[in-house]
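Structural characterization, general
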Amino acid sequence: MNERISTLHLPARQFRVPLSSTRRGARLGRLLATEQLRSWGMPLDPARLIVAELTANAALHGRVLGRSFRLALAATAEGVLRIEVTDTRGDAPPVPQAVAPGSAESGYGLLLIEELADRWGVRQGPVPCKTVWAEIDTAGPSVHVAPEPGNA
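Residues numbered from 1 in each chain as written. Predicted model: local features only at pLDDT ≥ 70, side-chain atom pairs only at ≥ 80, totals over all residues. Heavy atoms only, no water.

**Observations concerning the overall build of the protein chain**
Scanning the protein chain from N- to C-terminus turns up three helices and five strands. Reading the protein chain from its N end, one meets helices and strands in the order β-α-α-β-β-α-β-β. Each of the 152 residues in the protein chain was classed as buried or not, and the buried ones make up 41%. Pairs at least 24 residues apart make up 68% of the contacts formed inside the protein chain by residues separated by at least 6 positions. Of the roughly 8800 Å² of accessible surface on the protein chain, a fraction of 55% belongs to carbon and sulfur atoms. (Helix = DSSP H or I, 4+ residues; strand = E, 2+ residues; numbered from the N terminus. Buried < 20%, exposed > 50% of the residue type's maximum accessible area, 1.4 Å probe, protein only. Contact = heavy atoms within 4.5 Å. Areas by Shrake-Rupley, 256 points an atom, 1.4 Å probe, with all protein chains shown as cover.)

Next comes the structure, spelled out in structure tokens:
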């Protein structure tokens, strides 16, 4: 995990949505994030991969019966996209695991976040919640904006 604390500037754009703690809720989160990023004219990747992983983790590992999780996106004028997923399992913080090649079909999610995000971390509270966040510097030279649907 990247231990450096981010100093997020005031976001120029914000999006928040509560989602059911199910696989369907995780899928909906990915689809809504994709459409929101597209409407903002922001690059879709790697953000939608990060959203997919964090929402899937919230539905699988952060699930509490009868409780939802929250997806939030914030984009600053400086070109930072912050993705946050908050669930009600503050007692179960994510722990990156070293996975031996070929040893498992799952368990690579946080390694993926580590590779794709410029910064990421976990914020505890308010009790009983935790928030897993990731930031992407979208102003970099290697970022490409995806074409609008029908223009590909």
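**Looking at the environment of Val85**
Following the sequence through the fold, Val85 ends up in strand β3 (residues 80-87). Since its relative accessible area comes to 2%, Val85 is described here as buried. Residues contacting Val85, with those up to four places away along its chain left out, are Leu54, Thr55, Ala58, Phe69, Arg70, Leu71, Lys130, Thr131 and Val132.

**Focus: the side chain of Thr131**
With respect to the secondary-structure elements, Thr131 resides in strand β5 (residues 130-137). Once residues lying within four places of it in the same chain are set aside, the contact partners of Thr131 are Glu84, Val85, Thr86, Gly121, Val122 and Arg123.

**Brief notes about unusual backbone geometry**
Only a minority of non-glycine residues have a phi that is not negative, and only a minority of peptide bonds are not trans. Cis rather than trans, the peptide bond between Asp45 and Pro46 has omega equal to 10 degrees. Mapping Pro46 onto the fold places it in the loop between α1 (23-40) and α2 (47-60). Across the junction of Val127 and Pro128, the peptide omega takes the value 10 degrees, indicating a cis bond. Following the sequence through the fold, Pro128 ends up in the loop between β4 (119-124) and β5.

**Quick word on the pairing of β3**
With eight of eight residues buried, β3 lies mostly within the body of the structure. On β3, burial covers both faces: Val80, Arg82, Glu84 and Thr86 on one face and Leu81, Ile83, Val85 and Asp87 on the other are all buried. Alignment of strand β2 (residues 68-76) against β3, held across six bridges, turns out to be antiparallel. Bridge pairing in β3 links Leu71 to Val85. The loop that links β2 with its antiparallel partner β3 comprises three residues; one of these, Gly79, has a positive phi angle of about 90 degrees. (Pairing = 2+ DSSP bridges.)

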